Amino acid sequence: NWNLENTTFLHPDDADKALSDQSVHAILVVTPTPTHCAIIDAGLSAGKHVFCEKPMAETEEGIRTCYAKADEVGRYLFCAFQRRFDPTFRDIFNRVRAGEIGKVQVIKASSRDSPLGPISYLKVSGGVFKDALVHDFDLLTWIVGELPTEVFVNGSNSFAEVAEIGDLDTTAVNFKFPSGAIAVIDHCRFAAYGYDQRIEIFGRTGMLSADNEQPNRAVLTSYTGRHTAPMLQTFMSRFAEAYRVELEHFIDVVQGYSEMLVTGKMTLAVAKICEACAESHKTGKKVVIAWADEEIPEGYVKI
């Protein structure tokens, strides 16, 4: 419930007016990927805290530069991995980390978008690994508290318009973690029936899973069978609560009430995984990832 009565709307050409306004403490970067670095730098240079949609930059080096600038000026830089703030995924994280299913053995995720994004957007998105699968990579590594040491990717195209811009619309990704756990992610840029997001974590003593969300849980049973509401159709509706909680978390961090839950090391680790996946698809081979101790985020297993 944000009060916009005293809000000023500016044309992008007039962004300096907001950056020079001392009453503005933070900015949100929700523009196309190629513009992120410049806006982040401008915001941090103006003394603002920055909330940025993923991917933060087009390269790992770009991300490092952004975080180095944030450290230099003493401001927070937050990468928006909203799935961590979804109540269901947060509950799975808490239960896995509490040991409720024992040693994790297999993680399976189905991640299928709806609708197919505009080609004009996909052209500048950074590609399927950095734009879409990056969310799954962050979610799975966060839940299990490990970074993969082996990745293998198969990819193909069912949409000619996606193939024409040199991207993939259908992918299968395989991870192996230091503990021996294996993860399998299937992703597609379009599912005709809705925004399909499911996850399953299988362990020695049990299994945790999350199915698709629906606008309501009412069930009609008749001679034609059982009928329920369709799943939510877009990421905006599926993760509405996650976006709200994520933004509230960022504001709490800026005001000094909370520690930032998505750190630079986490963002950089996921970016490194994206690069490894792109290499695996390009070469058709498994890619082994080496992690130095200083690259592994706090709370994750040291290798």
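Let me sum up the structure you'll find in this document. (Residues numbered from 1 in each chain as written. Predicted model: local features only at pLDDT ≥ 70, side-chain atom pairs only at ≥ 80, totals over all residues. Heavy atoms only, no water.)

## Quick notes on the overall build of the chain
Right, so step 1: Across its full length, the chain carries ten helices and twelve strands.
Right, so step 2: Whereas a compact globule of 303 residues would reach a radius of gyration of roughly 19 Å, the chain reaches 20 Å, a difference of no more than 12%.
Right, so step 3: Dimensions of the chain, computed from C-alpha atoms along their principal axes, come out at roughly 60 × 50 × 45 Å.
Right, so step 4: In the chain, buried positions account for 43% of the 303 residues.
Right, so step 5: Split by element, the accessible area of the chain, about 15,400 Å² in all, is 54% carbon and sulfur.
Right, so step 6: For the chain, the distance from the average site of its 30 positive side-chain charges to the average site of its 41 negative ones is 6 Å. (Helix = DSSP H or I, 4+ residues; strand = E, 2+ residues; numbered from the N terminus. Rg over C-alpha atoms; globule rule 2.2 N^0.38 Å. Buried < 20%, exposed > 50% of the residue type's maximum accessible area, 1.4 Å probe, protein only. Areas by Shrake-Rupley, 256 points an atom, 1.4 Å probe, with all protein chains shown as cover. Lys, Arg positive; Asp, Glu negative; His and termini not counted. Charge placed at Lys NZ, Arg CZ, Asp CG, Glu CD.)

## Structural notes on the nonpolar core
Right, so step 1: Membership of the largest hydrophobic core comes to 72 residues, with the highest contact counts inside it found for F137, I143 and F175.
Right, so step 2: Setting aside residues no more than four positions away along its own chain, F175 makes contact with F137, P148, E150, V151, A181, I182, A183, I185, I273 and C277. (Core = buried A, V, L, I, M, F, W, Y, C linked by side-chain atoms within 4.5 Å. Contact = heavy atoms within 4.5 Å.)

## Some remarks on helix α9 (residues 240-254)
Helical geometry: 3.6 residues make up each α-helical turn, so side chains three or four residues apart lie on a common side.
Right, so step 1: End to end, α9 covers 22 Å across 15 residues, agreeing with the expected 21 Å (1.5 Å per residue, within 8%).
Right, so step 2: Of all the positions in α9, only A242, E246, H249, F250 and V253 are classed as buried. The buried side chains of α9 occupy one side of the element, clustering within an arc of 100° when seen end-on.
Right, so step 3: Where the residues of α9 are buried, they touch β1 (26-29), β2 (49-53) and β3 (77-80). (Expected span 1.5 Å × (residues − 1). Arc of directions from axis to C-beta.)

## Concerning the packing of helix α3 (residues 60-73) against helix α10 (residues 264-283)
Right, so step 1: It is the contact of α3 with α10, at a shortest axis distance of 10 Å, that shows an interaxial angle of 170°. For the element pair α3 / α10, the angle class is roughly antiparallel. For the pair α3 and α10, the contacting residues are E60, I63, R64 and Y67 in the first and G264, T267, L268, A271, K272 and E275 in the second. (Axes fitted to C-alpha atoms, helices over the stretch in contact; angles between N-to-C directions. Parallel < 35°, antiparallel > 145°, perpendicular 65-115°, else oblique.)

## Looking at the environment of A240
Right, so step 1: Relative to the helices and strands, A240 is located in helix α9.
Right, so step 2: Residue class for A240 comes out partly exposed when judged on its relative accessible area of 43%.
Right, so step 3: Each C-alpha atom of the pair A240 and K48 lies 26 Å from the other, and the pair is 192 residues apart in sequence.

## Quick notes on the environment of K302
Right, so step 1: Along the chain, K302 turns up in the segment after β12 (287-288).
Right, so step 2: K302 sits 283 residues away from L19 along the chain, and the two C-alpha atoms are 40 Å apart.
Right, so step 3: Leave out the neighbours within four places in its chain, and K302 touches D293 and I296.
Right, so step 4: Engagement of the side chain of K302 in a polar contact is seen with the backbone oxygen of D293, the distance being 3.1 Å. (Polar contact = N/O pair within 3.5 Å; in protein donor to acceptor, adjacent residues only side chain to side chain.)

## Observations regarding empty space enclosed by the protein
Where empty space is left becomes clear once a probe the size of a water molecule has been rolled over the atoms.
Right, so step 1: Inspection of every chain in the model, using the stated rule, returns two cavities of 30 Å³ or more.
Right, so step 2: What the largest cavity holds in volume is close to 100 Å³.
Right, so step 3: Around the largest cavity sit 16 residues that line it, and P55, A57, I63, K130 and A271 are the ones nearest its centre.
Right, so step 4: Mapped by element, the contributors of at least two residues to the lining of the largest cavity are α3, α6 (128-144) and α10.
Right, so step 5: Sort the elements by how many residues they give to the lining of the largest cavity and α10 lands first, with five residues.
Right, so step 6: Volume-wise, the second largest cavity comes out at about 40 Å³.
Right, so step 7: Surrounding the second largest cavity, R83, F89, A109, S110, D136, L139, L140, Q197, R198 and I199 form its lining.
Right, so step 8: For the lining of the second largest cavity, a count of residues per class yields five nonpolar, two polar and three charged. (1 Å grid on protein atoms, 1.4 Å probe; cavity = no way out; pocket = protein on both sides within 12 Å on 5 of 7 lines; lining within 4 Å. Points joined across faces, edges and corners; volume = space filled by probe spheres on them. Nonpolar A, V, L, I, M, F, W, Y, C, P; charged D, E, K, R; others polar.)

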